Amino acid sequence: MNQRPETPGEPSEVERRLYDALDAAATRPPAPDLFERVLGSIADDRVRRRRILRTAGVLIVAISLLTAMVLLFTPRTVTGDLLLEWWILELFANVLLIGLALWLGPFIKRFGRAYAADVFHDNPQTGKSYIVLTDIVYYLIFTAYILFTISFQPREDWTHFVVPAQAGFEAARLGGILLIIGVLHGLNIILMPILGRLFSLNRKLSGR
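Residues numbered from 1 in each chain as written. Predicted model: local features only at pLDDT ≥ 70, side-chain atom pairs only at ≥ 80, totals over all residues. Heavy atoms only, no water.

### Some words on the overall build of the chain
1) Next: Across its full length, the chain holds six helices and zero strands.
2) Next: When the elements of the chain are put in sequence order from the N terminus, they spell out α-α-α-α-α-α.
3) Next: The buried share of the chain, taken over its 208 residues, is 20%. (Helix = DSSP H or I, 4+ residues; strand = E, 2+ residues; numbered from the N terminus. Buried < 20%, exposed > 50% of the residue type's maximum accessible area, 1.4 Å probe, protein only.)

Dropping the structure here:
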């Protein structure tokens, strides 16, 4: 059997065969969609950064407009102190409550998608439906809380202008919705693995 002569320093035919057999992965070409996945990840990061900057810009503009309105339309005392009417603080608190409900819930859910995917790995469609249903429940609870605590006229211990009693009440409202959001997501973290396990067992039993 004829063999081509080997030059010094070049691996022999046997060495090349052993290398190919022991390291087959080294000769395997990369996945064809690897470059597309990298480009998609970069594009997602770019969109996420733009969304964060846009949200920050909207918040800055909204706070600036609200501050300007308060300074321009709020009456002042003889000494120059602001006399903030009660409905201004009530309106600001309601807007803040709605903003927290609409922003904080999806913000927390964004970090829990991988957790939900691991829990419902056997039936991902059920996991998606579960997340949508929990979102509906969350927003119903948030809306009910805001409607239960909103004030259309000054309460008994309030006056026509903002007093410490009203400031404490509005702070308690903010703390209440944060507590509700935390409790609901905490319960969801605990119950989701149990429900995912039950759904998986039900699917396996139905397939027998």
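Picking up where we left off.
### Regarding the environment of glutamate 85
1) Next: Position of glutamate 85 relative to the elements: it lies in the loop between helix H2 (34-73) and helix H3 (86-111).
2) Next: Counting along the chain gives 74 residues from glutamate 85 to threonine 159, while the straight-line C-alpha distance between them is 8.7 Å.
3) Next: Ignoring any residue separated from it by four or fewer positions in sequence, one finds glutamate 85 in contact with His160, Phe161 and Val162.
4) Next: Side chain to side chain, glutamate 85 and tryptophan 87 meet in a polar contact 2.5 Å long. (Contact = heavy atoms within 4.5 Å. Polar contact = N/O pair within 3.5 Å; in protein donor to acceptor, adjacent residues only side chain to side chain.)

### A closer look at the nonpolar core
It is characteristic of soluble globular proteins that their nonpolar side chains tend to be buried jointly.
1) Next: Within the largest apolar cluster, eleven residues are counted, these being Leu97, Leu100, Ala101, Leu104, Tyr138, Phe142, Tyr145, Ile146, Ile177, Ile181 and Leu184.
2) Next: In this view, tyrosine 145 contacts Ala172, Arg173, Gly176, Ile177 and Ile180; residues no more than four positions away in its chain are not counted.
3) Next: Among the nonpolar cores identified, the runner-up in size contains five residues, and Val119, Phe120, Tyr130 and Met192 belong to it. (Core = buried A, V, L, I, M, F, W, Y, C linked by side-chain atoms within 4.5 Å.)

### Section: the pattern of salt bridges
1) Next: What the rule picks out here adds up to two salt bridges.
2) Next: Here glutamate 90 makes a salt bridge to arginine 173, at a shortest N to O gap of 3.0 Å. Residue glutamate 90 is located in helix H3, and its partner arginine 173 is located in helix H6 (residues 164-206); the two are separated by 83 residues in the primary sequence.
3) Next: As a salt-bridge pair, glutamate 170 and arginine 173 come within 3.0 Å of each other at their nearest N and O atoms. Highlighted residues: glutamate 170 and arginine 173, both in helix H6, separated by three residues, approximately one helical turn. The two residues glutamate 170 and arginine 173 agree in class, both being buried.
4) Next: A single salt-bridge network, built from bridges that share partners, covers Glu90, Glu170 and Arg173. (Salt bridge = Lys/Arg side-chain N within 4 Å of Asp/Glu carboxyl O.)

### Brief notes about the side chain of threonine 149
1) Next: Residue placement: threonine 149 occurs in helix H5 (residues 124-149).
2) Next: You can call threonine 149 buried: its relative accessible area is 15%.
3) Next: A distance of 2.9 Å separates the side chain of threonine 149 from the backbone oxygen of tyrosine 145, its partner in a polar contact.
4) Next: The contacts of threonine 149, once residues within four sequence positions are left out, are Glu90, Arg155, Phe169 and Arg173.

### Section: a positive patch on the surface
1) Next: A surface patch of like charges, here positive, comprises Arg46, Arg49, Arg50, Arg51 and Arg54.
2) Next: In this fold, arginine 46 is placed in helix H2.
3) Next: Owing to a relative accessible area of 37%, arginine 46 belongs among the partly exposed residues under this scheme. (Patch = residues over 30% accessible without salt bridge, like charges linked within 9 Å, V, L, I, M, F, W, Y side chains within 5 Å. Areas by Shrake-Rupley, 256 points an atom, 1.4 Å probe, with all protein chains shown as cover. Lys, Arg positive; Asp, Glu negative; His and termini not counted. Charge placed at Lys NZ, Arg CZ, Asp CG, Glu CD.)

### Observations regarding the packing of aromatic side chains
1) Next: Enumeration over the complete set of coordinates arrives at four aromatic pairs.
2) Next: Relative to tryptophan 158, the ring of tryptophan 86 has its centre 6.3 Å away and its plane inclined at 45°; by these criteria the two rings are tilted. Of this pair, tryptophan 86 sits in helix H3 while tryptophan 158 sits in the loop between H5 and H6, and the two are 72 residues apart along the sequence. An identical accessibility class is assigned to tryptophan 86 and tryptophan 158; each is buried.
3) Next: An aromatic cluster is present here, built from Trp86, Trp158 and Phe169 joined pairwise through their rings. (Phe/Tyr/Trp six-rings, centres within 6.5 Å; stacked < 30°, edge-to-face > 60°.)

### Overview of a nonpolar patch on the surface
1) Next: Together, Tyr115, Leu179, Val183, Leu187, Ile189, Ile190, Leu191, Ile194 and Leu198 make up a nonpolar patch on the protein surface, roughly 850 Å² of accessible area in all.
2) Next: When residues of the nonpolar patch are assigned to their parent elements, the largest contribution, eight residues, is made by H6.
3) Next: For tyrosine 115, a relative accessible area of 33% puts it in the partly exposed group.

### Structural notes on the side chain of arginine 173
1) Next: Among the residues examined, arginine 173 registers a relative accessible area of 2% and is labelled buried.
2) Next: In this structure arginine 173 touches Glu90, Ala93, Asn94, Leu97, Tyr145, Ile146, Thr149 and Ile150, once residues within four positions along its chain are discounted.

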